[in-house]
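So you can see what is in the structure, the chains are spelled out below.
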Amino acid sequence: MNKNYFEKLRILDGGMGQELLNRGVKPHGTIWGASALLHRKYHKIVVKTHLDFIKAGAEVIVTNSFGSRKRRLIENNLENKYKSLNQLAGKLAQIAVKKSKRKVLIAGSLPPQNFTYFADLGKDLKFIKESFKSQAAFLNPYVDFFYLDVMSSLRECKIAINSISSFKKNFLLGIHVRKNGKLPSGENFIQVIRKIVKYKPLGVMASCVSTEDLETIMRDIKKIKVPFGFK
């Protein structure tokens, strides 16, 4: 894909997981929106939801793989479906793009591989690294780039980026921000981005953040030398 894709205004899709639940998908344990991948009866809903986002103007859709990370599947005794669920998320996104007959890119969703919105990565960093890499490997054939979603610390960002480097594929970085422009780790958003620029991301997103908490970021946004957006 064009590395300058986000140099102009682009529209991404909305919250896939919550929308699937809104449309009648019954959650299985803690895998949230990925519950729609477990049962064939929900697969059409996944495709239809992708399509509706595209019809609403989305130029990029994100795979429904936020809940199919390895740790979540282990928690729900579904580790044996790790590969198949992630591959299915990619395939359903491709079906939606084909049906839309539009030039839409697919971003492979790679969420935190430990816990969401927490900076503490625990002691098993090897598990986290291997989980980023394996989930990326399953999604890789179906996506145009990876979307590292709601990272909560500079350390987590670096681990994720380095874990997927072997795929030689572009990535968009989503960072979770709380009050005063701080990550859950307490690090300053702008300062973290300055240390990430060397990895050449397609762009940086303020991810799962309220409009009130964006004020501090917006004051310093011109200091960032990479494309910036919100999700």
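Residues numbered from 1 in each chain as written. Predicted model: local features only at pLDDT ≥ 70, side-chain atom pairs only at ≥ 80, totals over all residues. Heavy atoms only, no water.

Draft legend 1. Fine view of the nonpolar core. Core analysis: the biggest nonpolar cluster contains 43 residues, and Leu110, Phe146, Leu148, Leu173, Ile175 and Phe189 have the highest contact counts within it. The set of elements that each furnish at least two residues to this core consists of helix H5 (82-100), strand E2 (105-110), helix H6 (125-139), strand E3 (145-151), helix H7 (154-163), strand E4 (171-175), helix H8 (189-196) and strand E5 (203-206). The biggest single contributor to this core is H6, with six residues. Ignoring sequence-local partners within four residues, the contact set of Phe189 consists of Ile175, Val177, Gly181, Leu183, Val204, Met205, Ile217, Ile224 and Phe228. By size, the runner-up hydrophobic cluster in this structure holds 23 residues, among which are Val25, Ala36, Leu37 and Val47. (Core = buried A, V, L, I, M, F, W, Y, C linked by side-chain atoms within 4.5 Å. Buried < 20%, exposed > 50% of the residue type's maximum accessible area, 1.4 Å probe, protein only. Helix = DSSP H or I, 4+ residues; strand = E, 2+ residues; numbered from the N terminus. Contact = heavy atoms within 4.5 Å.)

Draft legend 2. Local environment of the side chain of Thr116. Tracing the chain through its elements places Thr116 in the loop between E2 and H6. There is a polar contact of 3.0 Å between the side chain of Thr116 and the side chain of Arg69. What Thr116 contacts, discounting residues up to four positions off in sequence, is Phe66, Arg69, Arg72 and Val150. (Polar contact = N/O pair within 3.5 Å; in protein donor to acceptor, adjacent residues only side chain to side chain.)

Draft legend 3. Summary view of H7. Burial of H7 is extensive: seven of the 10 residues sit out of reach of the surface. Residues of H7 that are buried include every one of Leu154, Glu156, Cys157, Ile159, Ala160, Ile161 and Ser163, and no others. Here the buried face of H7 lies against H6, E3, E4 and H8.

Draft legend 4. Summary view of the packing of H5 against H6. Contact pair H5 / H6: the axes reach a minimum separation of 8 Å and the direction vectors enclose 50°. In terms of axis orientation, H5 runs oblique to H6. Crossing handedness for the pair H5 and H6: right-handed. Taken together, the residues of H6 that come into contact with H5 (itself represented by Tyr82, Lys83, Asn86, Gln87 and Gly90) are Ser131, Ser134, Gln135, Phe138 and Leu139. Residue classes in the contact of H5 with H6 are distributed as three nonpolar, six polar and one charged. (Axes fitted to C-alpha atoms, helices over the stretch in contact; angles between N-to-C directions. Parallel < 35°, antiparallel > 145°, perpendicular 65-115°, else oblique. Left-handed = near helix turned anticlockwise from the far one by under 90°. Nonpolar A, V, L, I, M, F, W, Y, C, P; charged D, E, K, R; others polar.)

Draft legend 5. View of a nonpolar patch on the surface. Residues Phe115, Tyr117 and Phe118 make up a contiguous nonpolar surface patch of roughly 310 Å² in combined accessible area. Secondary-structure assignment places Tyr117 in the loop between E2 and H6. When its relative accessible area of 31% is taken as the criterion, Tyr117 is described as partly exposed. (Patch = residues over 30% accessible without salt bridge, like charges linked within 9 Å, V, L, I, M, F, W, Y side chains within 5 Å. Areas by Shrake-Rupley, 256 points an atom, 1.4 Å probe, with all protein chains shown as cover. Salt bridge = Lys/Arg side-chain N within 4 Å of Asp/Glu carboxyl O.)

Draft legend 6. Just the pattern of salt bridges, in detail. Overall, the coordinates contain seven salt bridges when judged by the stated rule. Among the charged side chains, a network of salt bridges with common partners joins Glu19, Arg23, Lys48 and Asp52.

Draft legend 7. Focus on the packing of aromatic side chains. Evaluation of the coordinates by the stated rule reveals seven aromatic pairs. With centroids separated by 5.0 Å and ring planes inclined at 85°, the aromatic side chains of Tyr82 and Phe138 adopt a geometry described as edge-to-face. Within this pair, whereas Tyr82 is found in helix H5, its partner Phe138 is found in helix H6, the two being separated by 56 residues in sequence. By relative accessible area, Phe138 is classed as buried at 16%. Ring centres of Phe228 and Phe230 lie 5.1 Å apart, and the angle between their planes is 80°; this geometry places the pair in the edge-to-face category. The exposure class of Phe228 is partly exposed, given its relative accessible area of 24%. Classification of Phe230 by relative accessible area gives partly exposed; the value is 41%. A connected cluster of aromatic rings, assembled from ring pairs, spans Tyr5, Phe6 and Phe145. The ring of Tyr5 has Arg10 lying over it, and the distance from NZ or CZ to the ring centre is 3.7 Å. One residue, Lys169, lies across the ring of Phe146, its end atom 5.9 Å from the ring centre. (Phe/Tyr/Trp six-rings, centres within 6.5 Å; stacked < 30°, edge-to-face > 60°. Lys NZ or Arg CZ within 6 Å of the ring centre and 35° of its normal.)

Draft legend 8. A look at the layout of surface pockets. Roughly 350 Å³ of volume is contained in the largest pocket. Taken together, 23 residues line the largest pocket, and the ones lying closest to its centre are Gly15, Met16, Trp32, Asp149 and Lys231. Top element by residues in the lining of the largest pocket is helix H1 (residues 16-22). It accounts for three residues. Split into classes, the residues belonging to the lining of the largest pocket amount to nine nonpolar, 11 polar and three charged. (1 Å grid on protein atoms, 1.4 Å probe; cavity = no way out; pocket = protein on both sides within 12 Å on 5 of 7 lines; lining within 4 Å. Points joined across faces, edges and corners; volume = space filled by probe spheres on them.)

Draft legend 9. Geometry of the packing of H6 against H7. One can describe the packing of H6 onto H7 by two numbers: an axis separation of 8 Å at closest approach and a directional angle of 50°. In this view, H6 runs oblique relative to H7, as classed from their interaxial angle. Along this stretch, H6 crosses H7, giving a crossing that reads as right-handed. Within the contact between the two elements, H6 uses Leu125, Ile128, Lys129, Phe132 and Lys133 and H7 uses Arg155, Ile159, Ala160 and Ser163. Its residues placed into classes, the contact of H6 with H7 shows five nonpolar, one polar and three charged.

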